Amino acid sequence: MKKITALLLILTMLVFSGPASAAETSQLVTARNGIFYAGGQRYRAVGTCLYPAHSADYRYIRTAIEQAKANGITLIRAVDIWEGVYGGGDDALYSDSVWKRVDYIIKICSENDMRVILDISTVRNFLYNSPDRRDSYDPAVFPLWSDIIEFICARRNCFTGIVYRDDPTIFSYAFAGEPVCYGGNLNDWSDGLFTSRSPDDIETSIFYVADRLRENDPNHLISSGGLLHITPKDSAGLEIYKSIWSYENIDYGALHIYPASGEGEWANLPEYAAFCSSIGKPLLMEEFGDSGADTVHKAEYLSYCFDKCLENGIDAAVFWNWSAGDSFDVFPHMTDVIEVIRQNARLFGFTGRFAPFATGTVEGTPLFSFEDGNTLFTPNTSDPGYGGAISVSNENASHGEKSLCIPVNFDTQYEWYWLSCNLPSPVSLSGSYLAADIYIPEGAAVLNAKFSVGGVQQAESGKVGNFILPGRWNTVILPLTDTDVSPEGGGFAPNAAPDLDSVNSIGLLLLNSNGTYTGDVLVDNIRTGELAEVTSELEIDTLTANASSITVTAHGGKGRLLYSYYVLSAGRVVFSRAYTEENSVALENIPAGNYNVRVYVQDESGIRKVKTATFSV
């Protein structure tokens, strides 16, 4: 019966879809009869939002996008692109530093056969934070909308040379995500940025912006952006989501859903999907996610969300957010969550290889060693993150047998801790990178780091890319360049480069952007040298598992190997031990049943392989 039903569905799609148009056989994404097309094929994707790319260095942008692709994600929603220039005049909307980052996101996505939703909805946030606080729904700002749209559509990517209106990497424009439409008045800010506006005002603004986008770019899809507050009706008595999605220059419906599984808008999803189908437009899930720190629960919730999208014929599902910091974030160290994303990437049509990924490594000359027991660094005891006297540890090291042990006390959010080192004698840092290895234990909050050299700090964008993931050694990097807008990024602010030929001191900043952590941070192998791409032939040779133990043998890779073990029953994790150097773990009290075993092996460069096995008790 299932085979017959599937065959009828395919035949129905063929009958009602008809032959592909010339536009649909191009590489631009189009929409027709409720289906996305690209290159003559139905387009489907698991996607993610890319925040905080607005404040990241270029190295981080490349790393994040390529890591996403390595896990089956093929659609990037570029969000909050103006956050770094809030509070400025209107000229900041056209800032070169803002748009070079957007150019670079599009470039890296193009190189990886990925698409970009260009979300410009934070014009609203920019105007709210402007010196003369304005409302993006106010007709008085429509001329500004016209100007920025004309600028965006005509922009020529400084890296690829392709004009935005012609760029097939761009999936669509989105511009009004999460409008709050319960009847408030324009320029009333009693409840802050998200004070509600009348449905009629919101409709008028959305229709105006959509029309200007169509005039300036007839090639790309246009979306209002995901709706979250969608129950009100306009003055004509029509539910606002129906009037917006039906508008001639809105090409697909888009939703944001955040209630718990089975509640709120998830229960209404069939209604929204049916309406889009009735007007011949696709529905895209533009944002969803879970804020919990428990990655098993996060994985279960995301699995539920993907299931609901698939059940309702949604071909593109974009989760929030691909990064290593905030509670909603997803990143490769969350193996439970990554497994769910990879499984659903396949269900959404990903046919590529889940590629092992490495960011490269700095191979060079150590500046000094902790092997002699000398701590060298002086802590700033007045910083809020100071946690006690530093020492040399022989319990864990990335190179040799000893590392620097730094107690930290990040008991509230956004705390910092500087350490400085007066070098025994001046050194030349004429190499292209300064680097250090940093370790925090499994279960710690993700931290960030940046350097100073000769009293000059690394550009702020660098600390976003220098994230420290728990349970493994991380390499943090300072490109020794004089600008933070080069493709390498993360160097020194313009005109602030130190004299690299004779450096007397270096510093290291640790901070917690999100979450709290009190405990030890280990630092080792501070060095300067060249960034080299990593090649690895890491392989897992054997995996044996039974009710008492799991044993794995592996070879190759770079440096020491870390092993992560997971035992699952009916899809649920019943035993896990992550990032251990032991190639064997003991199991106890395993009840009768059938079990799946999954073991990840990862080397110091980030290359990872996986092997599975089964056993019964």
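Structure shown above.
Residues numbered from 1 in each chain as written. Predicted model: local features only at pLDDT ≥ 70, side-chain atom pairs only at ≥ 80, totals over all residues. Heavy atoms only, no water.

Visitor: So, the packing of helix H9 (residues 295-311) against helix H10 (residues 335-347): which residues are in play, and what are the values?
Guide: Where H9 contacts H10, the axes come no closer than 8 Å and their chain directions differ by 15 degrees. The angle between H9 and H10 places the two elements in the roughly parallel class. Pair H9 / H10 crosses with right-handed handedness. Counted together, Thr295, Val296, Lys298, Ala299, Leu302, Ser303, Phe306 and Leu310 of H9 and Asp336, Val337, Val340, Ile341, Asn344 and Leu347 of H10 form the full contact between these two elements. Taken together, the residues that form the contact of H9 with H10 break down as 9 nonpolar, 3 polar and 2 charged. (Axes fitted to C-alpha atoms, helices over the stretch in contact; angles between N-to-C directions. Helix = DSSP H or I, 4+ residues; strand = E, 2+ residues; numbered from the N terminus. Parallel < 35°, antiparallel > 145°, perpendicular 65-115°, else oblique. Left-handed = near helix turned anticlockwise from the far one by under 90°. Contact = heavy atoms within 4.5 Å. Nonpolar A, V, L, I, M, F, W, Y, C, P; charged D, E, K, R; others polar.)

Visitor: Give a detailed account of the side chain of His333, specifying residues and quantitative values.
Guide: Note that His333 resides in the loop between strand S11 (316-319) and H10. Aside from chain neighbours lying at most four places away, what touches His333 is Val446, Leu469, Pro470 and Tyr579.

Visitor: So what's going on with helix H5 (residues 142-154)? Which residues, and what values?
Guide: The first and last C-alpha atoms of H5 sit 18 Å apart over 13 residues, in line with the 18 Å expected at 1.5 Å per residue. Of all the residues in H5, the buried ones are Phe142, Leu144, Trp145, Ser146, Ile148, Ile149, Ile152 and Cys153. Elements in contact with the buried residues of H5: helix H3 (96-111), strand S6 (115-119), helix H4 (123-128), strand S7 (170-174) and helix H6 (199-216). (Expected span 1.5 Å × (residues − 1). Buried < 20%, exposed > 50% of the residue type's maximum accessible area, 1.4 Å probe, protein only.)

Visitor: Provide a residue-level description of the nonpolar core, including the pertinent values.
Guide: Among the nonpolar cores identified, the biggest contains 97 residues, and Trp82, Ile105, Trp145, Phe175, Trp245, Met285 and Phe306 are the most heavily contacted of them. With 8 residues, H3 is the single largest residue contributor to this core. When sequence neighbours within four positions are dropped, the list of residues in contact with Phe175 reads Ile120, Ser121, Trp145, Ile206, Val209, Ala210, Leu213, Ile222, Ser223, Ser224, Gly225 and Ile250. If you look at the next biggest cluster of nonpolar residues, it comprises 39 residues, including Val453, Val476, Phe492 and Leu510. (Core = buried A, V, L, I, M, F, W, Y, C linked by side-chain atoms within 4.5 Å.)

Visitor: Residues and numbers for the pattern of salt bridges, please.
Guide: Counting across every chain of the model gives 24 salt bridges. For Glu300, the salt bridge identified is with Arg572, shortest N-O distance 2.9 Å. In this pair, Glu300 sits in helix H9 while Arg572 sits in strand S27 (residues 572-580), placing the two residues 272 residues apart along the sequence. Accessibility expressed as a relative area gives 33% for Glu300, which makes it partly exposed. The salt bridge involving Lys450 is made with Glu460; its shortest N-O contact spans 2.4 Å. A residue pair is termed long-range when its members are at least 10 positions apart, and Lys450 in strand S18 (residues 447-453) and Glu460 in helix H11 (residues 460-465) qualify at 10 residues. For Lys450, a relative accessible area of 2% translates into the label buried. (Salt bridge = Lys/Arg side-chain N within 4 Å of Asp/Glu carboxyl O.)

Visitor: How would you explain the environment of Ser327 if you had to name every residue and give the values?
Guide: With respect to the helices and strands, Ser327 occurs in the loop between S11 and H10. As a C-alpha pair, Ser327 and Gly515 span 188 residues in sequence and 7.7 Å in three-dimensional space. For Ser327, the contacting residues outside a window of four places in its chain are Asp290, Ser291, Gly292 and Lys298.

Visitor: Residues and numbers for the sheet that holds strand S2 (residues 35-38), please.
Guide: Sheet architecture is open: 3 strands sit in the order S1-S2-S3, paired in antiparallel fashion. The sheet is open, and its two edges are formed by strand S1 (30-32) and strand S3 (41-42), each paired on a single side. The pairing of S2 with S3 spans 2 bridges and is antiparallel. Across the sheet, the residue bridging to Tyr37 is Arg42, located in S3. (Pairing = 2+ DSSP bridges.)

Visitor: Give me the lowdown on the sheet that holds strand S25 (residues 549-555), citing residues and values where you can.
Guide: The strand order across the open sheet formed by 3 strands is S24-S25-S28, and the pairing between neighbours is antiparallel. This sheet does not close on itself; its edge strands, each paired only once, are strand S24 (539-545) and strand S28 (584-586). Strand after strand, the sheet turns through a mean of 10 degrees between neighbouring axes, direction not considered. Pairing of S25 with S28 involves 3 bridges; the strand directions are antiparallel. Note that in S28 the partner of Ser549 across the bridge is Ala586.

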